[in-house]
Amino acid sequence: MSTDETASPLDFIRTIVADDLKTGKHESILTRFPPEPNGYLHIGHAKAICISFGIAQDFGGCTNLRFDDTNPIKEEQEYIDAIKRDITWLGFDWDEREYYASDYFQQLYEWAIQLIKAGKAYVDDQTADEIRHTRGTLTEPGIPSPWRDRCAGESLDLFERMKKGEFPDGSRVLRAKIDMAASNINMRDPVMYRILHATHPRTGDQWCIYPMYDWAHGQSDSIEQITHSLCDLDFENHRPLYNWFIEQLGIFPSRQIEFARGNITYTVTSKRKLLELIEKGKVTGWDDPRMPTLSGLRRRGYTPESIRGFWRTVGIAKRENNIDVAMLEHCLREDLNRLAMRVMGVLDPIKVVITNYPDDLVEEMDAINNPEDESAGKRKIPFCRELFIERADFMEDPPKKFFRLAPGREVRLRYGYWITCQEVIKDDAGDVVELHCTYDPQTRGGDAPPDGRKVKGTIHWVSARHAVDAQVRLYDHLFSAEDPTDVPNGGDWLDNLNPDSLDVKTCCKLEPSLADAKVGVSYQFERLGYFCVDEKDSQPGVLVFNRTISLRDTWAKMQKKKKG
RNA sequence: UAGCCCGUGGUGUAAUGGUAGCACACCUGGUUUUGGUCCAGGCGGUCCUAGUUCAAGUCUAGGCGGGCUAGCCA
């Protein structure tokens, strides 16, 4: 894995890092991953994690985990725990380097005083509204606050009293004194501190002034001596400010480098929108298997390696992108194909009676566990007179290219026998309820008979007398639009929700070995796809499986093309 | 509208100024006791216009197109 990475050309960030190491600018590198604990991590965060942890790893450096907990109103301990669990699951390790921006509140406070004394920050008594209106616009410069030139002593006193809690929320802020006419609006005297009488998950009621992102982030990077602070393009406009604070303070110069976040077709990755899906009951929670959250993907059956491999093949650049979700699915199948145990299960059963097979006979057939891994060995599956096959594997009036079972047609039962359909039993409504077939004893195990007969199709099956029952949940893309946020004006992005994203199959019949299927293990139900036990809803005896992803299905593709 | 950033096949991403490559997707064919996997082949691209140069995806200028930014969010 790492040899692959070093062999391929370096992306632009790795090029910078390699150069910094080569020129001796840094002896070693240190990156950081700075989640805000206000939501669950999703596939987009996984990109940032793979980049920050992955690059450090490639160059023998380390990565700090630092929670950006500067807004007590939105942040919760539950999220901190979930984030740590997800990063670990993804396969990365921050050792003991778990930090919090709130660890630095005291240092930040002291640095703020230093800037006030140096005439580079001041307390502004304007309301939020006034500040907004005097900030100017994209084309017009801002108007200086009437408090901009008050003396350092007064600001110092006011700032001290802000900290003590003498003033209500929103009554005053501390602002950096930079340039109200700057073309970059972030430089127009940005707010450094606001008053928030809120209880912080970690610092409790110790503080009632909280630093803004711009004032906290770069300084936290510097305190930790982060060499390369990697973030997404949204922060590009903040870099001048990031550098300004560091220069004014004369502290360790961390360097911020931005890359484009990765968008994926048919999915949304915005915490706000994901939260909305949950709150409006469109999904069951952060870990709904249709969610692009790491907890959702995990529950769905995605492997960490497949997600890392995905971001590795996608690469890093600065241009806007919308990655075909098929790429993600490809990486998933690639990994699952390698490791999944093969089993047989019938999702939509139709009964088959083999009329010339002894009623009291049960044979144990040999089945290969994983053709991609010989060491996975073999298992026995029971075969008897009554079986279930997939309803879709039978057609009464099949088209030419249909290779499966039909009246008078012979097919192979995988690892079983070759059978021929002799009779179709229907109910009063005309629906097929049972098939009567005959088998050829010379085809045991599915082998070809000595007469050289050929068969076009091989289908899967389960012994009706030995099958275990299960519920199986089939998932499709959560959205039916390639870009779910692309809404004709006046429309709602939720209108793009795919009404068929969940299909629950309740009468599934699985081979007996699945009775003790384990959570966290992927199984390939042959010819159908990859499945896993649902970690929440499955009970011993009441099995619930999630379909992680279907197998590539050229037959289904042909059908779809025909239709439309 | 101002500043910053970005334009390479359908998608994603490469190419010291020197043969535009790789992956996915798509299309063929082969193997196959999974219509899976695997294997072989194919389709398809440098936003435009000038300029510099023996040579431009790459450098220069001007266009055009897209993204971000006017939170006391991060």
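Residues numbered from 1 in each chain as written. Chains lettered and ligands numbered in written order. Predicted model: local features only at pLDDT ≥ 70, side-chain atom pairs only at ≥ 80, totals over all residues. Heavy atoms only, no water.

### Thoughts on the protein's contact with RNA strand B
Taken together, 67 residues surround RNA strand B, and among them Thr139, Arg404, Gly445, Gln524 and Arg527 come closest. Backbone atoms, meaning sugar plus phosphate, form 62% of the atoms of RNA strand B positioned within 4 Å of the protein. Residue Arg404 places a side-chain N or O atom 2.5 Å away from a base nitrogen belonging to RNA strand B. Between RNA strand B and Asp447, the relevant distance is 2.6 Å, taken from a base oxygen to a side-chain nitrogen or oxygen of the residue. Secondary-structure elements contributing two or more residues to the surface near RNA strand B are helix 6 (128-134), strand 6 (191-195), helix 13 (325-339) and helix 14 (554-563). Grouping the constituent residues of the surface near RNA strand B by class yields 23 nonpolar, 20 polar and 24 charged. (Near = heavy atom within 4 Å. Polar contact = N/O pair within 3.5 Å; in protein donor to acceptor, adjacent residues only side chain to side chain. Helix = DSSP H or I, 4+ residues; strand = E, 2+ residues; numbered from the N terminus. Nonpolar A, V, L, I, M, F, W, Y, C, P; charged D, E, K, R; others polar.)

### Here's the deal with the layout of surface pockets
Here the largest pocket defines a volume of roughly 1900 Å³. Lining the largest pocket we find 48 residues, and of these Ser550, Leu551, Asp553, Ala556 and Lys557 sit closest to its centre. Every element with two or more residues in the lining of the largest pocket is listed here: helix 13, strand 19 (458-459), strand 21 (468-475), strand 25 (543-550) and helix 14. The dominant element in the lining of the largest pocket, judged by the number of residues it contributes, is helix 14, at eight residues. (1 Å grid on protein atoms, 1.4 Å probe; cavity = no way out; pocket = protein on both sides within 12 Å on 5 of 7 lines; lining within 4 Å. Points joined across faces, edges and corners; volume = space filled by probe spheres on them.)

### Brief notes about the state of the cysteines
By the definition in use, this model includes zero disulfides. This cysteine, Cys507, is not joined by any disulfide, and Cys508 carries the nearest cysteine sulfur, 7.3 Å off. The buried category is assigned to Cys508, whose relative accessible area is 0%. (Disulfide = S-S within 2.5 Å. Buried < 20%, exposed > 50% of the residue type's maximum accessible area, 1.4 Å probe, protein only.)

### Some points on the packing of helix 5 (residues 105-117) against helix 9 (residues 239-249)
Relative orientation of the contacting elements helix 5 and helix 9 amounts to 80°, with a least axis distance of 11 Å. As the angle between them shows, helix 5 and helix 9 are arranged roughly perpendicular. Contact residues: helix 5 offers Trp111, Gln114 and Leu115, while helix 9 offers Phe245, Gln248 and Leu249. The residue makeup of the contact of helix 5 with helix 9, split by class, is four nonpolar, two polar and no charged. (Axes fitted to C-alpha atoms, helices over the stretch in contact; angles between N-to-C directions. Parallel < 35°, antiparallel > 145°, perpendicular 65-115°, else oblique. Contact = heavy atoms within 4.5 Å.)

### Some thoughts on the nonpolar core
The biggest cluster of nonpolar side chains holds 45 residues, and the ones touching the most others in it are Ile13, Phe33, Ile49, Ile87, Leu90, Ile307 and Trp311. Where this core is concerned, the elements lending two or more residues are helix 2 (12-22), helix 3 (43-58), strand 2 (62-67), helix 4 (77-90), strand 9 (255-259), helix 11 (294-300), helix 12 (304-314) and helix 13. Looking at which element gives the most residues to this core, the answer is helix 3, with nine residues. The residues contacting Trp311, other than those within four sequence positions of it, are Ile43, Gly44, Ala46, Lys47, Cys50, Gly262, Ile264 and Ile323. Ranked by size, the runner-up nonpolar core spans 35 residues in total, among them Leu108, Leu158, Ala182 and Leu196. (Core = buried A, V, L, I, M, F, W, Y, C linked by side-chain atoms within 4.5 Å.)

### Concerning the domain arrangement of chain A
Each assigned domain of chain A is listed here: domain 1 (12-104 + 217-332), domain 2 (107-211) and domain 3 (343-466). On a C-alpha basis, the centres of domain 2 and domain 3 stand 75 Å from each other. (Domains from an automatic or database assignment.)

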